[in-house]
Amino acid sequence: MLPSFSPTAPKLFIGCGAGFSGDRWDAAVPVVKALRATGGPAVLMFETLAERTLALAQLSRRQNPNSGWEPSLDRFLLPVLRDCVEGGIPIVSNFGAANPVGAAHRIHALAAQLQLRRLKVAVVEGDDLLGATDRLDELLPPAVHGKRLVSANAYLGATEIAHALRAGADVVVTGRVADPSLALGPMLAYFGWAQDDWDRLARGTMAGHLLECGAQVTGGYFADPGLKDVPGLATVGFPIVAMEESGEFVITKPPDTGGRVDRLTVTEQLLYEVHDPAAYITPDVIADISDAELQALDGGDRVRVSGIRGHARTDTLKATLCYEGGWLAEGEISYAGPNAAARARLAADVVRERLQLLGFGALAVRADLIGVASILLDDAGRWATAHPCGDSNDVRLRLAAACTSRAEAEALTREVLALYTCGPAGGGGVRTHVTPRLASDSCLVPRDWLKPSWRFVE
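Since the model is a prediction, treat every value here as computed from it, not as a measurement.

S.K.: Where do I start with the overall build of the chain in this structure?
M.R.: When its secondary structure is counted, the chain shows 12 helices and 18 strands. Its C-alpha atoms give the chain a radius of gyration of 25 Å, near enough to 23 Å, the size a compact globule of 458 residues would have. Along the first, second and third principal axes, the C-alpha set of the chain runs to 80 × 55 × 45 Å. By residue count, 51% of the 458 residues in the chain fall in the buried class. Considering only intrachain contacts with a sequence separation of at least 6, the fraction spanning at least 24 residues in the chain is 77%. Per element, the accessible surface of the chain, about 20200 Å² overall, is 52% carbon and sulfur. Charge centroids of the chain, computed over 44 positive and 54 negative side chains, lie 5 Å from each other.

S.K.: How should helix H7 (residues 159–166) be read in this particular structure?
M.R.: Owing to its 3.6 residues per turn, the α-helix brings residues three or four apart onto one side. Inspection of H7 places Glu160, Ile161, Ala162, Ala164 and Leu165 among the buried residues, and these make up the whole buried set. One or two positions beyond H7, positive phi appears at Gly168, with a value near 100 degrees.

S.K.: Please explain the packing of helix H11 (residues 340–357) against helix H12 (residues 406–422) as it appears in this structure.
M.R.: Between two packed helices, the angle of one axis relative to the other and the distance separating the axes together describe the packing. Direction vectors running N to C along H11 and H12 enclose 135 degrees, while the axes themselves pass 10 Å from each other. Relative to H12, H11 is oriented oblique. In the crossing of H11 with H12, the sense of the turn from one axis to the other is right-handed. Together, Ala347, Val350, Val351, Arg354 and Leu355 of H11 and Ala411, Leu412, Glu415, Val416 and Leu419 of H12 make up the contact between the two elements.

S.K.: What exactly am I supposed to notice about the domain arrangement of the chain here?
M.R.: Reports often express the size of an interface as the amount of accessible area lost when the parts come together. Looking at the assigned domains, one finds that the chain contains domain 1 (12–314) and domain 2 (324–441). Inter-centroid distance (C-alpha atoms) of domain 1 to domain 2 is 39 Å.

S.K.: Quick question: what am I supposed to make of the sheet that holds strand S10 (residues 286–288) here?
M.R.: Across a sheet, strands are paired by hydrogen bonds formed along the backbone, either parallel or antiparallel in direction. Read from one edge of the open sheet, three strands run S9-S10-S13, paired in antiparallel fashion. Among the strands making up the open sheet, the edge pair consists of strand S9 (280–281) and strand S13 (309–311). Where S9 and S10 come together, two bridges link them in antiparallel fashion. Bridged to Ile281 within S10 is Ile286. Here helix H9 (residues 198–211) sits on the sheet and contacts S9, S10 and S13; the angle it forms with S13, its principal contact strand, is near 110 degrees.

What counts and how
- Residues numbered from 1 in each chain as written.
- Predicted model: local features only at pLDDT ≥ 70, side-chain atom pairs only at ≥ 80, totals over all residues.
- Heavy atoms only, no water.
- Helix = DSSP H or I, 4+ residues; strand = E, 2+ residues; numbered from the N terminus.
- Rg over C-alpha atoms; globule rule 2.2 N^0.38 Å.
- Buried < 20%, exposed > 50% of the residue type's maximum accessible area, 1.4 Å probe, protein only.
- Contact = heavy atoms within 4.5 Å.
- Areas by Shrake-Rupley, 256 points an atom, 1.4 Å probe, with all protein chains shown as cover.
- Lys, Arg positive; Asp, Glu negative; His and termini not counted.
- Charge placed at Lys NZ, Arg CZ, Asp CG, Glu CD.
- Axes fitted to C-alpha atoms, helices over the stretch in contact; angles between N-to-C directions.
- Parallel < 35°, antiparallel > 145°, perpendicular 65-115°, else oblique.
- Left-handed = near helix turned anticlockwise from the far one by under 90°.
- Domains from an automatic or database assignment.
- Pairing = 2+ DSSP bridges.

Okay, structure coming up:
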């Protein structure tokens, strides 16, 4: 439970334990140790939810109504749950995905396993729009019309998180909220900022934006050897923000961890996924970072951020829609030795011609020559313009196509398999895979459609 704000303890420390579902399970351990060492009020946040992971969670819940929450929840929480409870550090996360209540029950089970006191676990609900598809129809982008929705979720803000923390929650579990709101919620709870204090809301939001991707701001995604060197990436420290009542803040990382925090790393993350620096739209506020100032502080790995302004929030909320998007067919085969790249290109041509003969000529087949290039070639596996790179004698051919039916997808993979003996020479190591595809789009929904709420789950 967060203590009440007082002028004698003006800072709130917020650390990030994960920046996405696939993040390191042990990253939060040094963060929690550093939070406890501050002696001040502190919160640990986990950001594990993306558009695709939410859709996968909905698919999981179709198979098992008790699932649909973050599959690595145990792995993330077990290393730090005891220390957070004993240190009075609330946890805020979007572990809930498609089933926040299920995640809350699992957290209670983990607490019992660790023989901890009974926790107060709150869930935030109201983001799921699947039950409102009739109302959504008029707002859907053209690409989504007629498709079967897998997930439809609006991005909620920080208000319900703040209410739950003020009521004494040890853990707050959400579904789809805006990533920065995971940090802004604790700030609202602790400092008591007004809902229309746009400058402070914007500053808190951008602090959350710096935290939300974990080690990206501490050197992880920044690293580029010889150009932007980062020490100790294997033990990179995850970020911590020290927030002041004014909304100005310092971002840092735990001591004795790898990585770096300086004006360069913070600048990159501050601009990450921001289309308009003067109008970064979130559910809570429109943030303006066009006059933001970054000051590296003495001692290293500490940057002070100031100069952020805010404007009134919009009347609409973004909703992400994921829908069934057909099938992805993939087939790979290797060619080595003299003329390997030419044989790989011939193999791609053979597969295309075979698909034409079989009545699947409408498939747009992508060819990648791994070992020559796997990104910069055109779809035929050739350089679009003259290029100085020569061909390789060690080539892995990957053929892929987006298909409307499984039959189309299996036609491609079957033809890749047949290359073993149907030529060209020397092919080996075939692997094929057919995967159901998820496609996504977004729309804006009126804010007053949503009735976000929170409650404790026993």
